[in-house]
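One letter stands for each residue in the lines below.
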Amino acid sequence: MKSDKIILIVEDEVPLLNVLYDKLTLEGFSIVKAMDGKAGLELALAEHPALILLDINLPVMDGISMLRELRKDPIGKDIEVVMLTNFSEYKLLADAIALGAHDYLVKSDWKLEDVVKLVREKLK
Amino acid sequence: MEGKVAMSSTNPLSSKQNNSWSDLPNIDYEPRFHVTVLAKTKITKNTVILSLERPVGFIFTPGQYIWLVLPELTKYFGTIDRKAYSIATERNDKQIDIIFQLTDDNFIKKLNILKSGDSVDIIGPMGSAFIVSDNDCVMIAEKASIAPFLSILRSGASQGCQLFIYDDKNNVISYFQEQIKRLSKKFNYELHFSQAKPQKSDFNCITKKLCNLPIFIAGSQDFVNIVTDILVKSGVPLTKLHYEENYPQTAQTKKLEKRFSDYFSHKNKGQTIAFSGISDIFMQSVQQLSNHVILTDSNGRILFANQAVTDITGYTFDEIRGKTPRIWGGLMPSDGYALLWNHLKKGGSAKKVIVNRRRDGKLYTVVATITPIPGQGIFVATEENISTFREVDKAKTEFVSIASHQLRTPLSVIKWYVEMLLSGDVGAVSEKQTEYLQEIYTSSEHMVELVNSLLDVSRLELGTLKPNRESVSTIDIARDVIKEQTINLDKKKIKLSFTFDTKIPSIYADPKLVRMVMQNLLSNAIKYTPDKGNIHMDYSIYKKESILFKISDNGYGIPRQQQGQIFTKFFRADNIRTKITEGTGLGLYIIKMIIDNYGGKVWFESKENKGTTFYMSIPVKIATNKEREMGLRI
C-alpha cells in the first residue's frame, strides 16, 4: 500500500529538510514534511506515515514532546520513529528510547547515503 | 619581595615584580619538561652535581628552583616522585645544574643511578622568595646549599654583596672556591670562607650594616637556627631575614611543636593531657572556617553554630540555639531523614548532598557530613555549600550542549549537500569539481570530529554522564578496533601485529570509554606512521594487579623538547603539523583523562623519525572511589 511508504520528516532547518526531501524523493519514497512538533503531530495522525524522521530542537513543540503525544494516540503508538538530531545528550537519548523511538541518529555523524539505507531497511 | 630583577619571563610561575596579589597568575598548565641528563659529577664523597639539558623556553631568574620528577617512584613504589632543587647555573647557561647530597632516601638513590643520556622530568622554574636584590645584600650558605647563590653569583646579580660560606670539611666549597674567587673579583663580591661553625664574631664587622640589608640564608636546619639566633641577638630584625628550604626554629616554635605533638599523641591513645588554651585555639579555627559547623545534642537540638552558619543560612546563633537544623532543612524526602537519623543514632557517620533553604527563601545545595562523638551525646555537622559549583557546572553543560548542536547543524548541511553533489544525483560534476568537493567533504568531516572530541572533553571534565560499569574484555575491544581500522591500515599498507597473554583478565569498566582509548591510540599510530610502516600491539599482565597495553610504531616520533606537552589539550607536535593536517590534538588528552580516572597510567617512549611506544596500565580492580562520573559521546 502506498500509505505504508509515506515518510514524515519533522525538521525546522530548511536546508536539512530540503536535502532529506530531495534525496528520499529521488529514492522513490513519498514524503510529507512539517517544520514544528505540533504540525508534525497533526500530520502524523492524519497521514499515518510508516516512518517519522524526527528532529528534537523544534519550535512550538519539541521533538520529545511530540513523540510523547504521538504515543498517547492509538494511531501514533506504533509508528516507527527515528530521531534525527544534532543533540547527543544522554538524557534525550534515554527519553526518546523510553518513548519508543527506534533509532537515535546524530545528523553530523551520519552520511546521507547511510540515512537512506537505514530508512530503506526500516520500510522493508 | 623587595628584589628588583631586570628580567622578563614567559612562565606564569616565574617571579612577578609586582608587590600586589590583586592579579592572580593565570596558570592553566604545568610547566613540565622532559629533559636529558647531560652529565653527573661527584664533587665530594657525598655531593653530586647533576647537569640537565635546558629546555627551549625555560627562562629563569637566579634564585629560582625546579621540581625534579622521577615518575617511576610513584608508579613502582607509591612514594612521592619529586623534590625541589635550586638552579645553580647562570641564566644564560645552556644547561641546568642542581646539587644534591647523597643519603639513604629512595629518591636520592634513584637520582644517583641516573647517567648521562637518561631522561627526567622537571617542573619550573618556581619560586620568588629567594630572588636577591640588585642592591647590597648578604648571602650566608652552608656546603651544598650554596646552589641558589651560585646561580646569582654566576649571573653577576647583586654586585658588591657579601658572601659567607661555611663548610666544616671544606669539601664542597673547595670545589667551587676558585670559581667563586674569580667571580668575586669580577663582580666585586666580598668573600668570607669558614670551616668552623658560624660565630657571633663572624658578623661583628658588619652587624651594624647588616641591620639594613636583606640577608639570605641557606643551609641545614641546625645551620639556619644558629645563624638566625646570632643575627637576631645582634639586633637584626627578623623581617630582614630570608630563607630557602629550611626556616628557623625558635625556642618558642620547638616548645609549641612539642606541646602539640604530646597532646595529639596522647589523644590518639585515648588519654588527655593538659594543654591550656587548646579549646580557644580550636574555637578560633572553627569560627574562621567558611564551612558551616554546628554541634547538636542527640535529638538534633543546636548547641553551637559557627559564624559561617549565619553567613550561609541568614540566621544568627541566638535565633537557632535550641532549635533543630529543620529551620533551614527538611526539604529532602522524609524517609531519607529517618534513615539518616537511625544510622547516626547507631553511631554511624554520614555524608550526603542535600538541599537547604536560606532565611530569605533561596535554596542552596550542600555536602553535609554528620558524625556522632562517642559517649558525649553530641553530633558534629559540617556543611560545604556547593551551589555555585553546581550552577557553574550546569551552565557549562548547557553551553556545551547548545554550542555543539549549533556547530553540528551547518556541518550537517555542508556534508549532506556535498554528498548530493558528489553522488551525481543532481547532475554530473567534472573530475576537478569532484576533487574540490572531496576536499570540502573531508574538512567538514574533520570539523565534525573536532566538535565530537570537544564534546567528549567537556563531558569528561564535567563528569556529566554516569559511566556504565561492566566486565570488559580488553582483547575483544582491541580486535574490534583493529577491524574498524582495517581500511586505514590497508590504505597506508601498514603491517599490524597483535600479541597478548592469554591469561589477561577482564576489567570492570565502561566498554565505550575503553574503546575510545583504544581507538585513539591505534588511529594515532596509523596517522603518524608513514606508508608501509609497522605497528605492534601487545597486552600483558603487569605487576599482577594491572594489565599493560603497549602499542609501538616506527613512525615520525615526538620531538624530544615537546614530549612534556604531549598530553596537553590541542597540542600537536611541530614535526607532524605540516605532514598530517587532520588530528585535533585532543586524543591523548582524552586518553589520559579516562585512564587517570580508572587509576591507571599512560606514558610513552619516543624518538623522532624512529617511532613511538605508548604504554597504558589499567588496574584489574578499578577502585570505585577513584572513578569519577564520566561521560561520552552517544
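Not measured: the values here are computed from a predicted model. (Residues numbered from 1 in each chain as written. Chains lettered and ligands numbered in written order. Predicted model: local features only at pLDDT ≥ 70, side-chain atom pairs only at ≥ 80, totals over all residues.)

Let's talk about the overall build of chain A
1) Next: Within chain A one finds 5 helices and 5 strands.
2) Next: Looking at chain A residue by residue over its 124 residues, the buried ones come to 40%.
3) Next: Partitioning the contacts of chain A with sequence separation of at least 6, the portion at a separation of at least 24 is 61%. (Helix = DSSP H or I, 4+ residues; strand = E, 2+ residues; numbered from the N terminus. Buried ≥ 20, exposed ≤ 12 C-beta atoms within 10 Å, placed from the backbone. Contact = placed C-beta atoms within 7 Å.)

Overview of the environment of L50(B)
Residues and elements named next belong to chain B.
1) Next: You can see L50 is positioned in strand β2 (residues 47-53).
2) Next: Its 23 C-beta neighbours within 10 Å are what place L50 among the buried residues.
3) Next: Taking C-alpha positions, L50 is 5.6 Å from D97, a pair spaced 47 residues apart along the chain.
4) Next: When neighbours within four sequence positions are excluded, L50 is seen to be in contact with V37, K40, I98 and F100.

Looking at the nonpolar core
1) Next: Ranked by size, the top nonpolar core spans 55 residues in total, and within it I98(B), M139(B), I140(B), I146(B), F149(B), I215(B) and I217(B) carry the most contacts.
2) Next: Among residues more than four places away in sequence, those in contact with I217(B) are I140(B), V224(B), V227(B), T228(B), L241(B) and Y243(B).
3) Next: The next biggest cluster of nonpolar side chains, apart from the first, holds 36 residues, and it includes A34(A), L54(A), L67(A) and M83(A). (Core = buried A, V, L, I, M, F, W, Y, C linked by C-beta atoms within 7 Å.)

Quick notes on the interface of chain B and chain A
1) Next: With 18 residues of chain B at the interface, the matching set in chain A holds 19 residues.
2) Next: For the side of chain B that touches chain A, the elements supplying multiple residues, two or more each, are α12 (387-423) and α13 (431-462) of chain B.
3) Next: Residue contributions to the side of chain B that touches chain A peak at 12 residues, all from α12(B).

Examining helix α3 (residues 63-72) of chain A
Residues and elements named next belong to chain A.
1) Next: Considered for burial, the residues of α3 that qualify are G63, I64, M66, L67 and L70. Along the axis of α3, the buried positions cluster into a sector of 160 degrees, meaning they face one direction only.
2) Next: For α3, the secondary structure elements touched by its buried residues are β1 (6-10), α2 (37-47), β3 (51-54), β4 (80-85) and α4 (90-98). (Arc of directions from axis to C-beta.)

Some thoughts on unusual backbone geometry
1) Next: Across the junction of G124(B) and P125(B), the peptide omega takes the value 5 degrees, indicating a cis bond.
2) Next: Tracing the backbone through its elements, the reader meets P125(B) in strand β6 (residues 119-126).
3) Next: Even without glycine at this site, V60(A) takes up a positive phi of about 65 degrees.
4) Next: The topology assignment puts V60(A) in the loop between β3 and α3.
5) Next: With a phi close to 65 degrees, N609(B) is a non-glycine residue in the positive phi region.
6) Next: Relative to the assigned elements, N609(B) resides in the loop between β22 (601-607) and β23 (611-619).

So, helix α18 (residues 587-597) of chain B
Residues and elements named next belong to chain B.
1) Next: In terms of burial, α18 is a largely internal element, 8 of the 11 residues being buried.
2) Next: Inspection of α18 places G587, Y589, I590, I591, M593, I594, I595 and N597 among the buried residues, and these make up the whole buried set.
3) Next: At its buried positions, α18 is contacted by α13, α16 (511-527), β22 and β23.
4) Next: Note on α18: the residue one or two positions beyond its end, G599, has a positive phi of about 75 degrees.

Points about the sheet that holds β3(A)
All names here are of chain A.
1) Next: Spatial strand order, β2-β1-β3-β4-β5: 5 strands in an open sheet with parallel pairing. Edge positions in the sheet fall to β2 (30-34) and β5 (103-106), since each has one partner strand and no second. Ignoring which end each strand starts from, the neighbouring axes of this sheet average 20 degrees apart.
2) Next: Here β4 pairs with β5 via 4 bridges, running parallel. Residue pairing in the sheet places T85 in a bridge with V106 of β5.
3) Next: Contacting β1, β2 and β3, helix α1 (residues 14-26) runs over the sheet at an angle of about 170 degrees to β2. (Pairing = 2+ DSSP bridges. Axes fitted to C-alpha atoms, helices over the stretch in contact; angles between N-to-C directions.)

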